[in-house]
Amino acid sequence: MTALAQEAVAAAHPHPRGAPCPCPGATLADRPDATVVRHAGIVAKAHAPDTDAACLTLRLAAAARVPDVLLPPLTAAATVLHDRLVTLWPYGAPVDPDDPDAAPWEAAATLLARLHRTAPGDGVAPPPMRGPLKAAHAIARLRASLGAAPHPAGPPVLRAWAALPAWARAEAPMPGTPALCHGDLHLGQLVRYPAPDGPWRLIDVDDLGLGVPAWDLARPAAWYACGLLPPDEWARFLAAYREAGGPAVPAAGDPWPALDVPARALTAQTAARALAKAIAAGRPLDEVEQALVDACARMSPVPRQLAPGFPA
């Protein structure tokens, strides 16, 4: 456990100086952009070094307003530890990665629909959703990796990215009527609270904000289009979102016109991250990573509103 993680444990569960700690802390994640530790029923998260404190406070407030959708924070603002902003949360039981058949697709879709229908705030709106900016950062990291070690999979990913509209590349404001969005939806962002078998809640407010709600459906849509998510699981997710009144797609008919651009963006982002990691490790792409690159290669030079599969 790093020194930051050790001190985050103390922040999560302070006890009198010199007193024995009743249970050890567990590191849930320790990356340059986030350190997450658990101590008993409390989780402390040290956010990325470049996190904006004012924006984080607004995101915490937004989460606190919808405790039936987002895991509510234990404090209204972050504290500072080793120049990192630290927030405290109740512990929730995560999705079991060893039981893919139990993936809570319906719960995820229903929570997203409820989030997207939530009023932005009482006079103070959250900041913009960071999904496109996060995707742009992944592309920037890939470009830096390719500058040091060119790779034949790089050009298809960069071409797919360049074909996206400016808003999806974080180069222009997001279009349409903004909704409150999660910004980085995947199954790792769901927990049961109270643990171990309470209702599902969304976690991680780092990218939460106002934006295009279809972005939150884009990752499962992209996996479906790339052949990585079975059609029945995609159908369950989409049906649950529609049944809950989610505004990102029409209530009936073809959802792809709304999902096409965000799904392409998430495909390029995920492929860029995978390729950068493979280059750094000096290893070939695995089957899933290659499928993402192949999907980028199939994307049209100009985005079109087409059915899944990203045909040219």
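Residues numbered from 1 in each chain as written. Predicted model: local features only at pLDDT ≥ 70, side-chain atom pairs only at ≥ 80, totals over all residues. Heavy atoms only, no water.

A. Molecular detail of the pattern of salt bridges. Going through the model one piece at a time under the given rule, you end up with 12 salt bridges. Notably, a salt bridge pairs Asp204 with Lys45, separated by 3.2 Å at the nearest N-O pair. Remark: Lys45 occurs in strand S3 (residues 42-46) and Asp204 occurs in the loop between strand S9 (200-202) and strand S10 (209-211); sequence separation between them is 159 residues. Between Asp206 and Lys45 there is a salt bridge, and its shortest N-O distance comes to 2.4 Å. You can see Asp206 sitting in the loop between S9 and S10 and its partner Lys45 sitting in strand S3, a full 161 residues away along the chain. Residue Lys45 is classed as buried on the basis of its relative accessible area, which comes to 12%. Taken together, the shared-partner salt bridges connect Arg130, Lys134, Asp184, Asp207 and Arg219 into one network. (Salt bridge = Lys/Arg side-chain N within 4 Å of Asp/Glu carboxyl O. Helix = DSSP H or I, 4+ residues; strand = E, 2+ residues; numbered from the N terminus. Buried < 20%, exposed > 50% of the residue type's maximum accessible area, 1.4 Å probe, protein only.)

B. Representation of the state of the cysteines within the structure. This structure, assessed with the given rule, holds 0 disulfides. Just so you know, Cys226 is unpaired, no disulfide at all, and the nearest cysteine sulfur is the one on Cys296, 7.3 Å from it. Owing to a relative accessible area of 11%, Cys226 belongs among the buried residues under this scheme. Of the residues examined, Cys296 reaches a relative accessible area of 3% and is grouped as buried. (Disulfide = S-S within 2.5 Å.)

C. Spatial organisation of the packing of helix H3 (residues 105-116) against helix H7 (residues 231-243). In contact at an axis separation of 8 Å, H3 and H7 are set at 30 degrees when each is read in the N-to-C sense. In the packing of H3 onto H7, the handedness of the crossing is right-handed. Packed against H3, whose contacting residues are Trp105, Glu106, Ala108, Ala109, Thr110, Leu112, Ala113 and His116, the element H7 presents Glu233, Arg236, Phe237, Ala240 and Tyr241 at the interface. Considering only residue class, the contact of H3 with H7 consists of 8 nonpolar, 2 polar and 3 charged. (Axes fitted to C-alpha atoms, helices over the stretch in contact; angles between N-to-C directions. Left-handed = near helix turned anticlockwise from the far one by under 90°. Contact = heavy atoms within 4.5 Å. Nonpolar A, V, L, I, M, F, W, Y, C, P; charged D, E, K, R; others polar.)

D. View of the environment of Leu85. Residue placement: Leu85 occurs in strand S5 (residues 84-90). In sequence terms Leu85 and Ala46 are 39 residues apart; their C-alpha atoms lie 5.6 Å from each other. The contact partners of Leu85, leaving out residues within four places of it in the chain, are Lys45, Ala46, His47, Thr51, Asp52, Ala53, Leu56, Ala78, Thr79 and Val80.

E. Region of the structure containing the packing of aromatic side chains. Taken as a whole, this structure holds 7 aromatic pairs when the rule is applied. With 5.8 Å between their ring centres and 85 degrees between their planes, Trp105 and Phe237 make a pair best called edge-to-face. A residue pair is termed long-range when its members are at least 10 positions apart, and Trp105 in helix H3 and Phe237 in helix H7 qualify at 132 residues. Per residue, the accessibility class of Trp105 equals that of Phe237, and both read buried. Considering the side-chain rings of Trp234 and Trp256, the 6.5 Å spacing of their centres and the 80 degrees angle between planes classify their relative orientation as edge-to-face. Pair noted here: Trp234 is in helix H7 and Trp256 is in helix H8 (residues 256-281), with a separation of 22 residues, a long-range link. A relative accessible area of 5% means that Trp234 is categorised as buried. (Phe/Tyr/Trp six-rings, centres within 6.5 Å; stacked < 30°, edge-to-face > 60°.)

F. Quick look at the pairing of strand S1 (residues 26-31). In this structure, S1 lies alongside strand S2 (residues 34-39), joined through 5 bridges in antiparallel fashion. Following the sheet pairing, Asp30 is matched in S2 by Thr35. From the end of S1 to the start of S2, which pair antiparallel, there are 2 residues. (Pairing = 2+ DSSP bridges.)

G. Spatial organisation of the sheet that holds strand S4 (residues 79-81). Taken together, 5 strands build an open sheet; the order of strands is S1-S2-S3-S5-S4 and the sheet is antiparallel. Lying at the two open borders of the sheet, with one neighbouring strand each, are S1 and S4. Adjacent strand axes in the sheet meet at a mean angle of 25 degrees, parallel and antiparallel pairs treated alike. Pairing between S2 and S3: 5 bridges, direction antiparallel. Looking at S3, one finds that Val37 is bridged to Ala44.

H. Broad picture of the sheet that holds S9. Ordered in space as S6-S8-S9, the 3 strands form an open sheet in which the pairing is antiparallel. Pairing within the sheet leaves two strands with one partner each, and these edge strands are strand S6 (93-94) and S9. In this sheet, S9 lies alongside strand S8 (residues 190-192) in antiparallel orientation, the contact comprising 3 bridges. Across the sheet, the residue bridging to Arg192 is Trp200, located in S9. The sheet strands contacting H3 are S8 and S9, and the helix crosses S9 at an angle near 50 degrees.

I. Expanded view of the confidence of the model for the protein chain. Per-residue confidence for the protein chain gives a mean pLDDT of 91, with 87% of residues at or over 70. Confidence drops under pLDDT 50 across residues 16-21; counting only partners more than four residues distant or on other chains, this segment forms 3 contacts. A low-confidence stretch, residues 302-307 (pLDDT under 50), is modelled with 19 contacts involving residues beyond four sequence positions or located in other chains. (pLDDT = per-residue confidence, 0-100.)

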